[in-house]
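Listed below are the residues making up each chain.
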Amino acid sequence: MPFVMRKVEPRHVCRGHVPAGPHPGWPVGAELEAVANGTLTTSLRQLASLLTVAEDIFANLTAELAQVAERSGHLRHKLDKVEERLCTVDPKKIPVPRREDSSRLASAEMAIRRMWFDLVEQVHSTPNCERTVSLIGFPLKRAIQS
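Residues numbered from 1 in each chain as written. Predicted model: local features only at pLDDT ≥ 70, side-chain atom pairs only at ≥ 80, totals over all residues. Heavy atoms only, no water.

Help me understand the overall build of the protein, please; the structure alone is not making it clear to me.
Tallying secondary structure elements over the protein gives 4 helices and 0 strands in all. Ordered by position in the sequence, the α and β elements of the protein form the string α-α-α-α. Taking all 146 residues of the protein together, the buried fraction comes to 18%. Relative to all contacts within the protein whose residues are 6 or more apart in sequence, the contacts with residues 24 or more apart total 71%. If you sum the accessible surface of the protein, you get close to 11,800 Å²; carbon and sulfur atoms cover 61% of it. (Helix = DSSP H or I, 4+ residues; strand = E, 2+ residues; numbered from the N terminus. Buried < 20%, exposed > 50% of the residue type's maximum accessible area, 1.4 Å probe, protein only. Contact = heavy atoms within 4.5 Å. Areas by Shrake-Rupley, 256 points an atom, 1.4 Å probe, with all protein chains shown as cover.)

When you look at the pattern of salt bridges in this model, what are you seeing that I'm missing?
Any two side chains of opposite charge can pair if their charged atoms end up close together. In this structure the tally under the stated criterion is 3 salt bridges. The residue Glu9 makes a salt bridge to Lys7 at a minimum N-O spacing of 3.8 Å. (Salt bridge = Lys/Arg side-chain N within 4 Å of Asp/Glu carboxyl O.)

Would you take a moment to explain the nonpolar core for this structure?
Burial of nonpolar side chains together is a common tendency in soluble globular proteins. If you look at the biggest cluster of nonpolar residues, it comprises 8 residues: Val82, Leu86, Ile94, Ala111, Met115, Trp116, Leu119 and Val120. Breaking this core down by element, the ones donating at least two residues are helix H1 (30-88) and helix H2 (103-123). Counting residues per element, this core draws most heavily on H2, at 5 residues. (Core = buried A, V, L, I, M, F, W, Y, C linked by side-chain atoms within 4.5 Å.)

Quick question: what am I supposed to make of the environment of Arg11 here?
Inspection of the secondary structure puts Arg11 in the segment before H1. Given a relative accessible area of 59%, Arg11 falls into the exposed group. Spatially, the C-alpha atom of Arg11 lies 7.6 Å from that of Gln46, the residues being 35 residues apart in sequence.

Looking at this structure, I do not really get H1. What am I missing?
Three or four residues apart is the spacing at which side chains of an α-helix point the same way, because the helix has 3.6 residues per turn. Taking 1.5 Å as the rise per residue, H1 with 59 residues should run 87 Å; its terminal C-alpha atoms sit 86 Å apart, in good agreement. Regarding H1, the residues found buried are Ala30, Gly38, Thr39, Thr42, Ser49, Val53, Lys78, Leu79, Val82 and Leu86. (Expected span 1.5 Å × (residues − 1).)

I keep staring at unusual backbone geometry and nothing clicks. Help me out?
Among all residues save glycine, negative phi is the norm, and among peptide bonds the norm is trans. Cis rather than trans, the peptide bond between Glu9 and Pro10 has omega equal to -5 degrees. In this fold, Pro10 is placed in the segment before H1.

Just checking my understanding: could you explain the confidence of the model for the protein for this structure?
Any residue range with low pLDDT should be treated as having predicted coordinates unsuitable for detailed reading. Per-residue confidence for the protein averages 76 on the pLDDT scale, and 72% of its residues sit at or above 70. Residue range residues 128-146 is modelled with pLDDT below 50. Its contacts to residues more than four positions away, or to other chains, number 23 contacts. (pLDDT = per-residue confidence, 0-100.)

So this is what it looks like as structure tokens:
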């Protein structure tokens, strides 16, 4: 069962609006008008409560989205630094063992990945670098294509 964070009050809109006791001077149907007026005022109070709850929800949502934007900005900055470092590396200077079989491409790819992990370790000194390492495929593909 979920934990209730916010409550909209009043819950019961039509309760307790009939005037108590006999009122001999009232015209016919006055009790119905009193109930209708009471229900209308209670529903307006309920709408006001709902507006405050909605405002609270949107304020919390705005704060969370601001945190996500800040974290993604930091991540983008780190990725840009890694990409700059990667663009300065000359791929022709990476030693690749010469073999005649099909594993030559795999060994070259492993050498590039090893170099990539070394760059990531040098650039990232914060404990949040695990998130960045999981995104390695994006800048690596772009650097290989160019």
